[in-house]
Each structure stands twice: as C-alpha cells, then as structure tokens.
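One-letter residues, chain by chain:
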Amino acid sequence: MFWVRIDNRLVHGQIIETWLPYTHAKSIIVANDAVADDSLQQQIMSLAIPQSVSCFFSSIDDLQDSVLNVGADSKCGNTIILFSSCEDLRLAMEKGFKFSTVNIGNIHYGPGKKQISPSVALSSDDESCLHFFKGHGIELDFRCVPNDPVQVRFI
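All figures in this text were calculated on a predicted structure; none of them were measured in a lab.

Asker: It is not clear to me how the pairing of strand E2 (residues 25-31) should be interpreted in this structure. Could you clarify?
Answerer: For a regular strand, the rule is simple: side chains alternate between the two faces of the sheet. Counting buried positions along E2 yields 6 of 7 residues, so the element is predominantly enclosed. Strand direction decides the pairing type here: E2 and strand E3 (residues 54-58), joined by 5 bridges, are parallel. Directly across from Ile29, in E3, lies its bridge partner Phe56.

Written as structure tokens, this is what we have:
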C-alpha cells in the first residue's frame, strides 16, 4: 500500500509520530528534486526516521522506478510517499505515477494564498492542481494528522 501525502515540510515529527503508526509503513519515499540532489538534507531527514523504517530519496523523474524498487522489496511493506507541493505530485502523475487518494497535510500560508484549514493555504495554482486531481478521480483527504476529521471539500 502507498500513502501519498503533500507536506511542504517533508519528513518531520507528525510523519514519524502519527503517520508511520497509522499507515503501518515500513518505508518512506521523499519525492523532491532538491532533496534528491542534496546529501546533507537527506542525512538530516534520515536522522529523524526510526531504524526500522527504510527511507529513499527520489527525483520526480525517477519516482516511478523508486516505487517499483520499493514495491519489489518485501521488507519495505507499506510506504509513505511525500511530496512538498501539489505541482510536484502533478508532475509525477503526468510521468505515470498512479494513486487514488492524496492526503494534503501541510501547505503553508503565504502572500496570495487562501487559508482553507489550520494547516493548508492554497494559491490559485494549488487550487487548479487539486481540481486537476479531482477531475482524474483522485480523492482529496485534508488532514494534518490521522485523528483529525477528514475534510474532502476545499472550495
């Protein structure tokens, strides 16, 4: 099973303390071009991850291969795939990555963004991207942590 999440913070305490136990994930794939090219960021993120959980770093272009490799490894079990932005996930989808649900956990507020929940603020590009997913039958799950009520409407 793959749990797909958009969270601009990528690996952090909520992922480790709530989403790993909730999903029973034994592996994490961080799908982010900048992190895939930055060994220091990879080392820092890896420090937060329990030794019992495998972690992989992938560019958006290489994500499909990473998913196949992780899926072929029976020790990896369930996997959380983290994206820092809606656009990165859309690019992955356009390159063949398939998923049926996306958890939108954290998209920080900034100028020109509309706050739709305590942890999610959307730009017009983010809204267009989420409409794109909905148009392709992707279920949107807005939750910061697993015990939050599921919010599926954003407009």
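Asker: Is there a simple way to think about the state of the cysteines in this case?
Answerer: Formally, a disulfide is one covalent bond, and it connects the sulfur atom of one cysteine to the sulfur atom of another. Counted according to the given criterion, the structure contains 1 disulfide. Disulfide pairing is shown between Cys86 and Cys129; the S-S distance is 2.5 Å. Between Cys86 and Cys129, the S-S torsion sits near -105°, and that sign places the bridge as left-handed. On the criterion of sequence distance, the pair formed by Cys86 in helix H5 (residues 86-94) and Cys129 in helix H6 (residues 124-135) is long-range, its members being 43 residues apart. A relative accessible area of 1% places Cys86 in the buried class.

Asker: Help me understand the sheet that holds E2 in this model?
Answerer: What links the strands of a sheet is backbone hydrogen bonding, and the strands pair in either a parallel or an antiparallel sense. Reading across from one edge, E3-E2-E4-E1-E5-E8 is the order of the 6 strands in this open sheet, with parallel pairing throughout. At either margin of the open sheet sits one strand with a lone partner, and together these are E3 and strand E8 (139-142). Looking at each pair of strands side by side, their axes are set apart by 25° on average, direction ignored. Pairing analysis gives 4 bridges linking strand E5 (residues 101-106) to E8, with the strands arranged parallel. Counterpart to Ile104 in the pairing with E8 is Phe142.

Asker: Can you help me understand the pattern of salt bridges in this one?
Answerer: For the coordinates displayed, the defined rule picks out 6 salt bridges. Among the salt bridges present, the one from Lys95 reaches Asp61, with a minimum N-O distance of 2.9 Å. Placement of Lys95 in the loop between H5 and E5 and of Asp61 in the loop between E3 and helix H4 (63-72) is noted, with a sequence separation of 34 residues between them. Taking relative accessible area as the criterion, Lys95 reaches 49% and is therefore assigned partly exposed. A salt bridge links Glu127 to Lys114, with the shortest nitrogen-to-oxygen separation between them at 3.3 Å. With Glu127 in helix H6 and Lys114 in strand E6 (residues 114-117), this residue pair connects regions lying 13 residues apart in the sequence. Lys114 gets classed as partly exposed once you look at its relative accessible area, which sits at 41%. By sharing partners, the salt bridges in this structure join Arg5, Asp7 and Arg9 into a single network.

Each value, and the rule that gives it
- All residue numbers refer to position in the chain's written sequence, counted from 1.
- Per-residue local features are limited, in this predicted model, to residues with pLDDT of at least 70; the limit for side-chain atom pairs, both in listing and counting, is 80 or more; totals at the level of whole chains, interfaces and linings are taken over all residues.
- Computation of side-chain values covers all heavy atoms of the structure but excludes hydrogens and water.
- Each residue's exposure class comes from its accessible area (1.4 Å probe, protein chains only) as a fraction of the maximum for that residue type: buried when under 20%, exposed when over 50%, partly exposed otherwise.
- Helix numbers and strand numbers start at the N terminus; a helix is a DSSP run of H or I with at least 4 residues, a strand a run of E with at least 2.
- Strands are treated as partners if at least two bridges between them are detected by DSSP.
- When two cysteine sulfur atoms lie within 2.5 Å, the pair is treated as a disulfide.
- A fitted line through C-alpha atoms represents every axis, and for helices the fit uses only the stretch in contact; the resulting angles, taken between N-to-C directions, go from 0 to 180 degrees.
- Each reported salt bridge corresponds to a side-chain nitrogen of Lys or Arg within 4 Å of a carboxyl oxygen of Asp or Glu.

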